[in-house]
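Take a look at the letters that make up each chain.
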Amino acid sequence: MYIGELAKLTGASPKAIRHYEVLGLLGAVQRSGAYRVYADRDVLLLRLIRQAQVLGFKLSELHFLKNSQNQPDWQQLKRLLASKRLSIAAEIKHLEQLDGQLEALSLEISACPEIQASLADCFA
């Protein structure tokens, strides 16, 4: 299939597909004259790349797709997923702390005397 059909099947633009190829994420793409010819394997790879991006991965993190066998390194992907999950867990903890601070501030404001009160009265 040509790049237009691949773009339709994956939702990726032709420009993005060419970019992924330049980065080496699609491996060696076959050619027929001046045209790139893609296989079903490329559809799956592109869907994996796009799903990874939706999940917060940067293209530079997807190096597990590049190797001499032209096959993804699934063990490396598992390590990358575990690392991303740890990162998300730390971010959740941080956001929960921020939420607690916001709640405390909201309670302070709610306990503050009406508008006539000075700042010192509210946040003593």
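Residues numbered from 1 in each chain as written. Predicted model: local features only at pLDDT ≥ 70, side-chain atom pairs only at ≥ 80, totals over all residues. Heavy atoms only, no water.

- Under an unreviewed UniProt entry, the name given to the protein is MerR family transcriptional regulator, and the organism recorded is Iodobacter violaceini.

## What to know about the packing of aromatic side chains
- Enumeration according to the criterion identifies 1 aromatic pair in this entry.
- When the centroid spacing of 5.5 Å and the interplanar angle of 50° are considered together, the rings of Tyr2 and Tyr35 count as tilted. Of this pair, Tyr2 sits in the segment before α1 (3–10) while Tyr35 sits in strand β2 (residues 35–37), and the two are 33 residues apart along the sequence.
- Given a relative accessible area of 55%, Tyr35 falls into the exposed group. (Phe/Tyr/Trp six-rings, centres within 6.5 Å; stacked < 30°, edge-to-face > 60°. Helix = DSSP H or I, 4+ residues; strand = E, 2+ residues; numbered from the N terminus. Buried < 20%, exposed > 50% of the residue type's maximum accessible area, 1.4 Å probe, protein only.)

## So, the confidence of the model for the protein
- For the protein, the average pLDDT comes to 87, and 87% of its residues sit at 70 or higher.
- When pLDDT is averaged over each helix and strand of the protein, the minimum, 64, is found for helix α5 (residues 119–122) and the maximum, 95, for α1. (pLDDT = per-residue confidence, 0-100.)

## Quick look at the environment of Asp42
- By the secondary structure assignment, Asp42 is in helix α3 (residues 40–54).
- On the basis of relative accessible area, Asp42 is assigned to the buried category, the value being 7%.
- A sequence separation of 15 residues divides Asp42 from Gly27, and the C-alpha atoms of the two residues are 9.0 Å apart.
- The residues contacting Asp42, other than those within four sequence positions of it, are Leu6 and Leu26.
- Here the side chain of Asp42 touches Ala39 through a polar contact of 2.9 Å, landing on its backbone nitrogen. (Contact = heavy atoms within 4.5 Å. Polar contact = N/O pair within 3.5 Å; in protein donor to acceptor, adjacent residues only side chain to side chain.)

## Concerning helix α4 (residues 74–111)
- For α4, which comprises 38 residues, the first-to-last C-alpha distance of 55 Å matches the rise-based estimate of 56 Å (1.5 Å per residue) to within 8%.
- Looking only at α4, the buried set comprises Leu77, Leu80 and Lys84.
- Two to three positions downstream of the cap, the backbone nitrogen of Gln75 sits 3.3 Å from a side-chain oxygen, assigning the N-cap of α4 to Asp73. (Expected span 1.5 Å × (residues − 1).)

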